[in-house]
Amino acid sequence: MRRDIFQAIADPTRRAIMTLIAFQAMTPNAIAENFNTTRQAVSKHLRILAECELVKQEQQGREIYYSLEVEKMKEVDLWIDQFRKSWETRFTQLDDVLTTL
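These numbers were taken from a predicted model, which means no experiment stands behind them.

Rules used throughout
Residues numbered from 1 in each chain as written. Predicted model: local features only at pLDDT ≥ 70, side-chain atom pairs only at ≥ 80, totals over all residues. Heavy atoms only, no water. Helix = DSSP H or I, 4+ residues; strand = E, 2+ residues; numbered from the N terminus. Expected span 1.5 Å × (residues − 1). Bend = angle between axes of the 7 residues up to and from the residue. Patch = residues over 30% accessible without salt bridge, like charges linked within 9 Å, V, L, I, M, F, W, Y side chains within 5 Å. Areas by Shrake-Rupley, 256 points an atom, 1.4 Å probe, with all protein chains shown as cover. Salt bridge = Lys/Arg side-chain N within 4 Å of Asp/Glu carboxyl O. Pairing = 2+ DSSP bridges. Phe/Tyr/Trp six-rings, centres within 6.5 Å; stacked < 30°, edge-to-face > 60°. Buried < 20%, exposed > 50% of the residue type's maximum accessible area, 1.4 Å probe, protein only. Axes fitted to C-alpha atoms, helices over the stretch in contact; angles between N-to-C directions. Parallel < 35°, antiparallel > 145°, perpendicular 65-115°, else oblique. Contact = heavy atoms within 4.5 Å. Nonpolar A, V, L, I, M, F, W, Y, C, P; charged D, E, K, R; others polar.

> Please provide a residue-by-residue account of helix α5 (residues 73-100), values included.
The end-to-end C-alpha distance of α5 is 39 Å, a good match for the 40 Å that 28 residues give at a rise of 1.5 Å each. In α5, a bend of some 35 degrees at D81 exceeds every other bend along the element.

> Describe in detail a nonpolar patch on the surface, supporting the description with residues and values.
Side chains of W79, F83, W87, F91, L94, V97, L98 and L101 sit close together on the surface and give an oily, nonpolar patch of about 890 Å² of accessible area. Relative to the assigned elements, W87 resides in helix α5.

> I'd like to hear about the pairing of strand β1 (residues 55-60), residue by residue, with values.
Here 6 bridges tie β1 to strand β2 (residues 63-68), and the two strands are oriented antiparallel to one another. Counterpart to Q57 in the pairing with β2 is Y66. Counting the residues between successive antiparallel strands, the hairpin from β1 to β2 contains 2 residues, one of them, G61, with a positive phi of roughly 65 degrees.

> I'd love a proper account of the packing of aromatic side chains, names of residues and values included.
Taken as a whole and assessed by the stated rule, the structure comprises 3 aromatic pairs. Between F83 and W87, the aromatic rings sit 6.2 Å apart at their centres with planes inclined by 25 degrees, giving stacked as the arrangement. Here F83 pairs with W87, and both are found in helix α5, just 4 residues apart, close to one helical turn. Overall, the relative accessible area of 33% leaves F83 in the partly exposed class. Taken together, F6, W79, F83 and W87 form an aromatic cluster joined through their ring pairs.

> Outline the packing of helix α2 (residues 12-20) against helix α4 (residues 39-51), listing residues and values.
Contact geometry for α2 and α4: axes closest at 10 Å, N-to-C directions at 80 degrees. Judged by the inter-axis angle, α2 sits roughly perpendicular to α4. Residues T13, R14, I17 and M18 of α2 touch α4, and the partners they reach there are V42, H45, L46, I48 and L49. For the contact of α2 with α4, the residue count by class is 6 nonpolar, 2 polar and 1 charged.

Just distances and angles here, no functional claims.
Right, dumping it as structure tokens:
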């Protein structure tokens with residue numbers, strides 16, 4: 001079953017993992033140290049993120065390092081952008097109302 005990128009980011013633990021590896025590649029053990037869960041649970045989350053191509057794996061010696069696939073996040077940004085324009089318009093209207101009050 002191919003997972004959807006939005007299913008992957010729906011889970012708070014996966015979002016936290018993505019935040020951890022956004023600036024620095026980490027091993028699964030290093031990632032797991034940041035959570036109150038098992039190494040297997042973290043590996044499952046990493047597998048789902050990898051299936052959705054949100055993270056990439058790089059073998060360095062005997063270790064596997066995971067890093068965020070920033071280009072794939074553009075899909076999420078494009079989807080959110082349609083709402084962002086509406087929100088900005090509404091906030092501008094709210095600012096106008098508050099200014100007049």
